[in-house]
Amino acid sequence: MGFEESILFKFLNGEDPGEIPVIATGTGLAARIAGRSAASLRDNGAALAEVMSMFQKEAKLDWTIVYTDALAIPETLGVEVELSPISGAIGKPMKIPDDPVLSPKPLRSSPATRATLEAVEILSKKKTTCPIAVTFEGPLTTSINTFDANDLIMAIYRRPLVVKSIISQMTDILCSFAEEIRRAGASVFYIPDPFSSMDTLSPKHYKEFAGPYVSNLISHIHDLGAKAILHICGQTDQIWDYMAETGADTLSLDQIMSLQKAREHFGPEVRLAGNVDPIRTLWEGSVEEVRDETMSCIEDAGPRSLIIMPGCAVPTQTDIKNLRAMSETAKGYSYS
Ligand SMILES: [Zn+2]
């Protein structure tokens, strides 16, 4: 069976998959259940593939998600990365030059991008029933992870053209990464763009510094024959229409947003993903609470045009039993 026949890909393609797809991200948790640290995966494609494959099986997910950390691309641009077994990868952001020219190292010569590509190649050789997905952050967030966050946010006001040049070049770099990932065998891209949330950026600035670049990236992903899910953390209701304009095949919302309001806003056709609370419910809650909240998400958004997933990445210390309970509840729901 090819990835086109998988539940998730059918859903993202606008077909009826016959059941509610379930996905989740959480490299720290995936590594922990395999007895490793997330930091140990970023230069080891074989271990990354094994850990992510185990995570898919243990949590009963409809994708095998490959992700090291948010510094994979910034590192190719010169950000120095330190590894800590507890906090994972920590980067030293660079100063914004006056006339920035971003020239990344080849993706195969930087540890985390190489491990990502190798893991996808290894996974694509297996006879797997679920698609391989890869995560990388959106152009604005990747730019903020490359350059100092405060500097870049300030530069939006003081040097907007420089910022636009950076984000535009970053979009091209992410398009090249997407091409290599697609060639290696992945068919779904999960794009979190936390810094484009209304918590950090005004809707006006979203429209100027985030949305159009994400849209270009997603259009390129579509040209490659792949699908894209856009996730923005925190408050997003005033940018929902801009999120939809990016052309993303599904919009993934944070747990603080109401799926019911989102469904009312978007109508029945727009595909949504969310939003079981990864902290209060999946990490701190009981199996019973996980089941209840998963059912609430299904009732709020309606069972069709919905992917059940946590509202953001799942904390490392989460009991895998809880994540499995989320999957089983969604899979046990019959809408046919
Ligand atoms: Zn998030």
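Undergrad: Hey, could you run me through the overall build of the chain in this one?
TA: In terms of regular secondary structure, the chain is built from 15 helices and nine strands. Relative to the globule expectation of 20 Å for 336 residues, the C-alpha radius of gyration of the chain, 19 Å, shows essentially globular dimensions. Taken along the three principal axes of its C-alpha coordinates, the chain extends 55 × 40 × 40 Å. Counting all 336 residues of the chain, 51% fall into the buried class.

Undergrad: Looking at this structure, I do not really get the packing of helix α14 (residues 287-301) against helix α15 (residues 320-332). What am I missing?
TA: Packed helices, taken two at a time, are described by the angle their axes make and the gap between the axes. Running from amino to carboxyl end, α14 crosses α15 at an angle of 40°, the nearest separation of the two axes being 9 Å. The angle between α14 and α15 places the two elements in the oblique class. Judged by the sense of rotation from one axis to the other, the crossing of α14 with α15 is right-handed. Residue-level contacts link V287, V290, R291, T294, M295 and I298 of α14 to K321, N322, A325, M326, T329 and A330 of α15.

Undergrad: Just to check I follow, could you spell out the packing of helix α6 (residues 139-146) against helix α8 (residues 160-184) for this structure?
TA: For the pair α6 and α8, the least separation of the axes is 9 Å and the interaxial angle reads 105°. The angle between α6 and α8 places the two elements in the roughly perpendicular class. Each of P139, L140, T142 and S143 in α6 lies in contact with α8, whose residues at this interface are I166, I167, M170, T171 and L174. Its residues assigned to classes, the contact of α6 with α8 shows six nonpolar, three polar and no charged.

Undergrad: What should I look at first to understand helix α3 (residues 45-59) in this one?
TA: Residues three or four positions apart in an α-helix share a direction because the helix packs 3.6 residues into each turn. With 15 residues, α3 ought to run about 21 Å at 1.5 Å a step, and its terminal C-alpha atoms sit 21 Å apart, in line with that. Along α3, the residues that are buried comprise G45, L48, A49, V51, M52, S53, F55, Q56 and A59. Tucked inside the fold, the buried residues of α3 contact α2 (27-33), β1 (64-66), α5 (111-125) and α15.

Undergrad: It is not clear to me how the pairing of strand β4 (residues 132-135) should be interpreted in this structure. Could you clarify?
TA: As a general feature of sheets, a regular strand has side chains that alternate between the two faces. Judged by which residues are buried, β4 turns out to be covered on both faces: I132 and V134 on one side and A133 and T135 on the other are all buried. As judged from the three bridges shared by β1 and β4, these two strands associate in the parallel manner. Its bridge partner lying in β4, I65 is registered against A133.

Undergrad: How should the environment of N150 be read in this particular structure?
TA: Position of N150 among the secondary structure elements: in helix α7 (residues 149-158). Among the residues examined, N150 registers 10 C-beta atoms within 10 Å and is labelled exposed. Expressed as a C-alpha distance, the spacing of N150 and L272, which sit 122 residues apart in the sequence, is 31 Å.

Undergrad: Help me understand the sheet that holds strand β5 (residues 188-192) in this model?
TA: Backbone hydrogen bonds hold the strands of a sheet together, and the pairing may be parallel or antiparallel. Spatial strand order, β1-β4-β5-β6-β7-β8-β9: seven strands in an open sheet with parallel pairing. Looking along the sheet, the strands with just one partner apiece sit at the ends: β1 and β9 (306-310). Adjacent strand axes in the sheet meet at a mean angle of 25° when their direction is disregarded. Across four bridges, strand β6 (residues 227-232) lies against strand β7 (residues 250-253) in parallel orientation. Pairing of H231 across the sheet is with S252, part of β7. On top of the sheet, α5 reaches β1 and β4; it is set at about 170° to β4, its chief contact.

Undergrad: What should I look at first to understand the environment of K125 in this one?
TA: As for its placement among the helices and strands, K125 is situated in helix α5. Judged by local crowding, K125 falls into the exposed class, with 10 C-beta atoms found within 10 Å.

Undergrad: Explanation requested: unusual backbone geometry in the structure shown.
TA: Most peptide bonds take the trans form, and the phi angle of most residues other than glycine is negative. Its identity is not glycine, yet K60 carries a phi of approximately 55°, on the positive side. Relative to the helices and strands, K60 resides in the loop between α3 and β1. The class for K60 is partly exposed, based on 17 C-beta atoms found within 10 Å. Not every positive phi belongs to a glycine, and S305 is a case in point at roughly 55°. Position of S305 relative to the elements: it lies in the loop between α14 and β9.

The rules behind the values
Residues numbered from 1 in each chain as written. Predicted model: local features only at pLDDT ≥ 70, side-chain atom pairs only at ≥ 80, totals over all residues. Helix = DSSP H or I, 4+ residues; strand = E, 2+ residues; numbered from the N terminus. Rg over C-alpha atoms; globule rule 2.2 N^0.38 Å. Buried ≥ 20, exposed ≤ 12 C-beta atoms within 10 Å, placed from the backbone. Axes fitted to C-alpha atoms, helices over the stretch in contact; angles between N-to-C directions. Parallel < 35°, antiparallel > 145°, perpendicular 65-115°, else oblique. Left-handed = near helix turned anticlockwise from the far one by under 90°. Contact = placed C-beta atoms within 7 Å. Nonpolar A, V, L, I, M, F, W, Y, C, P; charged D, E, K, R; others polar. Expected span 1.5 Å × (residues − 1). Pairing = 2+ DSSP bridges.

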